[in-house]
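Structure assessment
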Amino acid sequence: MSTNSDLGEIKARFATGSSTREMSLSEVPSILQYLASVIMTGMATAVAAGFDRYETIPNLSLVYVLPVVASSVAFGLGPALFSALLGALAYNFFFTEPRFSLAVADTSNIWAIVLLFVVGCVVSTIASMKRHDAAELEGFHFRETALQIYARQMIVSSSVREATSLSSSVLTSLFQAPIAVIFVRDGDDLKIESETRLTLLEIEAARTAGTTKEVVTAGVYPFDKSRFDFWPTTTRFHGTIVVGAAFDPKRRPVNPEAAVAIVALTLCAAIDRDGM
């Protein structure tokens with residue numbers, strides 16, 4: 001039998017995993033990412049100036065590759081390309097003749113500046129691709145672990161309320177979005193389980209999904225003001241269960257239907273298992 005403490009533990013583990021993922025530097029506001037790129041380029045300039053003051057270094061421009069790599073790993077492609085551009089301009093301004101001017105007296109320096117920018121672009125692109133692959137792998141492991149824990153807890157769930165709460169918790173963790181679970185019974189009677197208050201239009205959208213057995217998508221007429229996508233799944237004893245997710249339009253996950261289908265079917269199976 002699953003206990004309240006078990007339910008609290010699983011919710012805490014889901015929440016902890018979500019918080020960890022939210023702390024990614026890529027979630028920092030864009031203006032702060034680009035500001036950090038400016039600061040790192042400034043630090044690279046200070047380091048280069050220190051070397052240039054005491055000794056002539058032929059490949060001094062390579063110092064500016066460091067902030068490009070750092071920006072790419074920490075923030076992504078955009079700030080990294082910005083660092084590459086800043087590095088090329090800073091090298092031109094401070095270390096090519098005539099100094100403290102964007103004019104270039106020596107043709108060879110033009111090629112050095114162009115090469116620096118190209119190297120920065122290539123490095124930032126490669127680093128960003130690796131960063132994206134690592135993030136995808138981390139996300140896959142997180143989803144896999146969350147669903148495994150969810151499945152184990154659902155096996156021992158003993159009530160509709162507990163099973164519904166577990167399902168809502170895992171979807172909230174996976175999507176970082178408000179989740180609603182609606183039971184649509186005979187006569188269009190609705191039982192709504194959600195920490196977010198649904199509008200009358202959203203309730204009607206959920207009812208429509210439950211009665212038509214078709215997916216209702218947010219932002220599509222006649223429910224264009226609805227925040228939620230609704231997916232219906234049928235049970236034997238509790239009518240139709242409609243799972244809703246209110247995604248941020250700017251951060252909508254790719255193919256959320258797969259995770260919703262797994263959770264919804266697991267919820268239905270748990271409810272039908274013993275006729276909860």
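The preceding data block contains the structure.
Residues numbered from 1 in each chain as written. Predicted model: local features only at pLDDT ≥ 70, side-chain atom pairs only at ≥ 80, totals over all residues. Heavy atoms only, no water.

Regarding the overall build of the chain
Across its full length, the chain holds 8 helices and 4 strands. Residues classed as buried in the chain amount to 40% of the 276 residues present. The contacts in the chain between residues at least 6 apart in sequence include a share of 59% that link residues at least 24 apart. For the chain, the exposed surface amounts to about 15300 Å²; the carbon and sulfur share of it is 62%. (Helix = DSSP H or I, 4+ residues; strand = E, 2+ residues; numbered from the N terminus. Buried < 20%, exposed > 50% of the residue type's maximum accessible area, 1.4 Å probe, protein only. Contact = heavy atoms within 4.5 Å. Areas by Shrake-Rupley, 256 points an atom, 1.4 Å probe, with all protein chains shown as cover.)

Considerations on the pattern of salt bridges
One pass over the structure, following the stated rule, counts 5 salt bridges. Taking the shortest distance from any N to any O, the salt bridge between Asp52 and Arg99 comes out at 2.8 Å. With Asp52 in helix H2 (residues 30-54) and Arg99 in the loop between helix H4 (77-95) and helix H5 (107-155), the pair connects residues that are 47 residues apart, well separated along the chain. Asp52 sits in the partly exposed class, given a relative accessible area of 24%. Note on Arg99: relative accessible area 33%, which makes it partly exposed. Several salt bridges converge on common partners, so that one network encompasses Asp52, Glu97 and Arg99. (Salt bridge = Lys/Arg side-chain N within 4 Å of Asp/Glu carboxyl O.)

Some details on helix H6 (residues 160-175)
Between the first and last C-alpha of H6 there are 22 Å, a value that for 16 residues agrees with the 22 Å anticipated at 1.5 Å per step. When you tally the buried positions in H6, you get 14 out of 16 residues, the bulk of the element. At the C-terminal side of H6, Gln176 shows a positive phi close to 55 degrees. (Expected span 1.5 Å × (residues − 1).)

Thoughts on the pairing of strand S3 (residues 229-234)
Across the 6 residues of S3, 5 count as buried, placing the element largely inside the fold. Where S3 meets strand S4 (residues 240-245), 6 bridges bridge the pair, whose relative direction is antiparallel. Residue pairing across strands places Asp229 opposite Ala245, the latter belonging to S4. (Pairing = 2+ DSSP bridges.)

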